[in-house]
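# Structural overview for review
Residue strings, one per chain:
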Amino acid sequence: MSSGETTERSIPRPRKVVITGISGRFGRIVARRLHHELGWSIVGLDRRQMHGRPKDIELHQVDLRSKKARDVFRAGDIDALVHLGVMHDPRARPAEIYSWNITGTTKLLEYCQAYRVPKVVLLSSSNVYGPRPDNPQFLTEDAPLLAAQRFPEMRDLVEIDHMFSTFLWRAREIETVILRPVHIVGPVHNAPSNYLRIPRPPVLLGFDPMVQLVHSDDVAEAVALALNPGRRGIYNITGPGEVPLSAILAELRREPRLIPHPMAKPILSLAFALGISSFPVAELDFIRYVCMVDGRRAAAELGFRPRHGLRETIHAVDDPV
Amino acid sequence: MGLVDRLRQLRAKVPEDDLEGRTQALVVQGNEFGFDPFGLSKANLKYAITVARWLYRVYFRAEAHGIENLPASGRCILVSNHSGQLPFDGLVIAAACFLEPKQPRLVRAMVEFFVPTVPFASYLFSRWGQITGTPENCRRLLSAEEAVLVFPEGARGISKPFSKRYQLEDFGKGFMRLALETGSPIVPVAVIGAEEQAPAVNLKGVAKLLGIPALPVVPYPPFVAPWPLPVKYRLYFGEPMKFTGDPDDDLDEPVKTVKHRIESMLHVGLREREHVFW
């Protein structure tokens, strides 16, 4: 089939989606949802091995920047790209991560445009807005992405988010969707879930910001909704509600370690250097100031509703990973 | 009458308040954990109210006139003069709206941006329903039919020296814009008493050197005003004012109308007042 016919097809065949970062726990949740429940045919792109991969899921263990990754798109039968492969590893070399993230994403968007992939979805994060004392309680999609100002670690994600929003306007024939979910919790490995799993997590004395969480299954559902034809734009994805950090920790029966905020940075930097804790020091502001978003646009335009309640979502961090 | 007699008499005059019942009667949109989207929690509010009531009834022996002008429900913007170095005027207005009307209302004041950076204040203010002063927050609360308290004079008003008491500073125009956008009535409030709670002079030069907006100094130790004098607060709530028009128009005229209303309420209040402390 030539690439020109990808948008109008007469023979019904399962739609084909490329998922980057599929071997991660969240990647597998998304793959499961799209494959088992919605009948998509899945092509995975990841450098890592995918444990327990079903036979009918294709996995290419390649670098996004390589020619082999390009070949995945060259066949011209890809109906969508879901980009989950944004690397965020506090212990890896920043230059390596930067090149992987930025060059990799640039290449991906190039392939999508060259081989006419009609839909691209980026899983960004509402952290791109950045926690700030002067934030309004609920940020809308139009708010500036200020996280990179104070967190060099967030710079890659902010930049990728910007690349996709440029792409949204540049490649008008492609439906681009950027999802900015709040802290994703569940049987996944990411900063908020890992933090909430610590039995005695550090908290800042005298600070207790309101926090939004969303269940990983609900975010997978948002990805599925974003893949529906006709959807394009930027959407904040919110969970079932807002609670103070302390209420979440109490619900999970954690015993917070109170640290006065001027001392938090040196203490946690030392712990990080010694390998005692993996808490990314620059992200302390996330447990100090609010960074909450308004999810009404996703509800109205994507029809997104979180299925998991507040208590259920909080307890999802204790689900077996 | 001697001072002791006067104090004894005042003590006998403190009315009883059913704080528990009033807290229950508050209309708060909360989730299963008891928090509203801005972090307000009724459970936590109780402590604040106990302290606020003591300040309102015992320490400042506040009087609220025209509290019936506060709508029992629905969106509204309370606009007040701001004074006294310490933001006790906000606390007293909020206490009046909670303690005086038949249906208690929780007034949500807009706090300065530095508050979220201060330990404890950062979250306690939000547990008590006070919010960071951004227009988005204000718009959201008004759409949720809440009562919002605004001091259009801002820091200029509160750090005013004693010599300029009861002279209003320039009003910011944000509140009028929000009132027009959300169709909210404006309830003008005049606060009398706060001006005398910490009579200060403003050391402008030193403030400039330190890079802060104002440096008010009181003529008695410890020279900065950590605690207000036990002045008597008198609050005047005016009739709700309704404005219509395009929020992008020049808002000078309607803002001036509100400012004049508050000015005239201040004049009436000052004429009626016999003593600063009694």
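These notes cover the structure that comes with them.

All names here are of chain A. Take His 83: it is sitting in strand 4 (residues 80-83). It is 24 Å that separates the C-alpha atoms of His 83 and Phe 286, two residues lying 203 residues apart in sequence. Not counting the four nearest positions on each side in its chain, His 83 is found in contact with Thr 20, Leu 64, Thr 105, Leu 108, Val 121, Leu 122, Leu 123 and Phe 164. At 2.7 Å, the side chain of His 83 and the side chain of Thr 20 are in polar contact. In this structure the side chain of His 83 is engaged in a polar contact, spanning 3.1 Å, whose partner is the side chain of Thr 105.

One pass over the structure, following the stated rule, counts 10 aromatic pairs over all chains. Taking 6.4 Å as the distance between ring centres and 50° as the angle between the ring planes, the aromatic pair formed by Phe120(B) and Tyr123(B) counts as tilted. For Phe120(B), a relative accessible area of 37% gives the class partly exposed. Every member of this aromatic cluster is reached through a ring pair, and the members are Trp54(B), Tyr59(B), Phe60(B), Phe88(B), Trp227(B) and Tyr233(B). Positioned above the aromatic ring of Trp100(A) is the side chain of Arg47(A), whose terminal nitrogen or guanidinium carbon lies 4.0 Å from the ring centre. Residue placement shows Arg165(B) over the ring face of Phe162(B); its charged tip is 4.1 Å from the ring centre.

Residues and elements named next belong to chain B. Spatial ordering of the open sheet is given by 1-9-6-2-5-3-4, a layout of 7 strands whose pairing is mixed. Looking at which strands have only one partner, the edges of the open sheet turn out to be strand 1 (63-65) and strand 4 (131-132). Packing of helix 4 (residues 88-99) onto the sheet brings it into contact with strand 1, strand 2 (76-80), strand 3 (107-111), strand 5 (147-150), strand 6 (186-192) and strand 9 (234-237), and relative to strand 9 it is tilted by some 60°.

Before going further, it helps to spend a moment on the interface of chain A and chain B. Listed as interface residues are 25 residues of chain A and, on the opposing side, 22 residues of chain B. In total, about 1900 Å² of surface goes out of reach between chain A and chain B, with carbon and sulfur atoms giving 60% of it. Considering only the surface of chain A that becomes buried against chain B, Gln137(A), Phe138(A) and Gly206(A) emerge as the three largest contributors, covering 22% of it. Between the two partners, chain A and chain B, sit 3 salt bridges. For Arg127(B), the salt bridge goes to Asp208(A), with nearest N and O atoms at 3.2 Å. Here chain A is connected to chain B by 8 residue pairs in polar contact (both at pLDDT 80 or more). Among the secondary structure elements, those contributing two or more residues to the side of chain A that touches chain B are strand 11 (242-244), helix 8 (245-251) and helix 11 (310-315) of chain A. Looking at side-chain class alone, the side of chain A that touches chain B contains 13 nonpolar, 4 polar and 8 charged residues.

Residues and elements named next belong to chain A. Judged by pairing direction, the sheet is parallel, and its 7 strands sit side by side in the order 3-2-1-4-5-6-10 without closing on themselves. Each edge of the sheet is formed by a strand with only one pairing partner; in this case those strands are strand 3 (58-60) and strand 10 (233-237). Strand-to-strand, the axes of this sheet are offset by a mean angle of 20°, without reference to chain direction. Sheet topology places strand 2 (residues 41-45) next to strand 3; 3 bridges connect them, and they run parallel. Within strand 3, the residue paired with Leu 45 across the bridge is His 60.

Calculation rules
- Residue indices begin from 1 for each chain and proceed along its sequence in written order.
- Chain A is the first chain written and ligand 1 is the first ligand written, with later ones labelled in order.
- Side-chain atom pairs in this predicted model are given and counted only at pLDDT of 80 or more, local residue features only at pLDDT of at least 70, and totals for whole chains, interfaces and linings cover all residues.
- Based on all heavy atoms of the structure, the side-chain values leave hydrogens and waters out of the count.
- Strands here mean DSSP runs of E at least two residues long; helices mean DSSP runs of H or I at least four residues long; both are numbered from the N terminus.
- Every residue pair with non-hydrogen atoms within 4.5 Å of one another is taken to be in contact.
- A 3.5 Å cut-off defines polar contacts: any pair of N or O atoms within that distance qualifies, except that in protein one atom must be a possible hydrogen donor and the other a possible acceptor, and neighbouring residues in sequence count only when both atoms are side-chain atoms.
- Only the six-membered ring of Trp is used, alongside the rings of Phe and Tyr, when aromatic pairs are assigned; centres must lie within 6.5 Å, and planes under 30 degrees apart are stacked while those over 60 apart are edge-to-face, with the rest tilted.
- Think of it in three bands: with a 1.4 Å probe and only protein chains considered, a residue is buried below 20% of the maximum accessible area for its type, exposed above 50%, and partly exposed in between.
- A positively charged side chain is recorded as over a ring if its NZ (Lys) or CZ (Arg) lies within 6 Å of the ring centre. The angle to the ring normal must also be within 35 degrees.
- When DSSP finds two or more bridges between two strands, those strands count as paired.
- Only the contacting stretch of a helix is used when fitting its axis, a line to C-alpha atoms as for every element, and angles between N-to-C directions run 0 to 180 degrees.
- Two parts placed together each lose some accessible area under a 1.4 Å probe, and the buried area is that loss summed for both.
- Salt bridges are defined by distance alone: a side-chain nitrogen of Lys or Arg within 4 Å of a carboxyl oxygen of Asp or Glu.
- Polar here means any residue other than Ala, Val, Leu, Ile, Met, Phe, Trp, Tyr, Cys and Pro, which are nonpolar, and Asp, Glu, Lys and Arg, which are charged; Gly is therefore polar.

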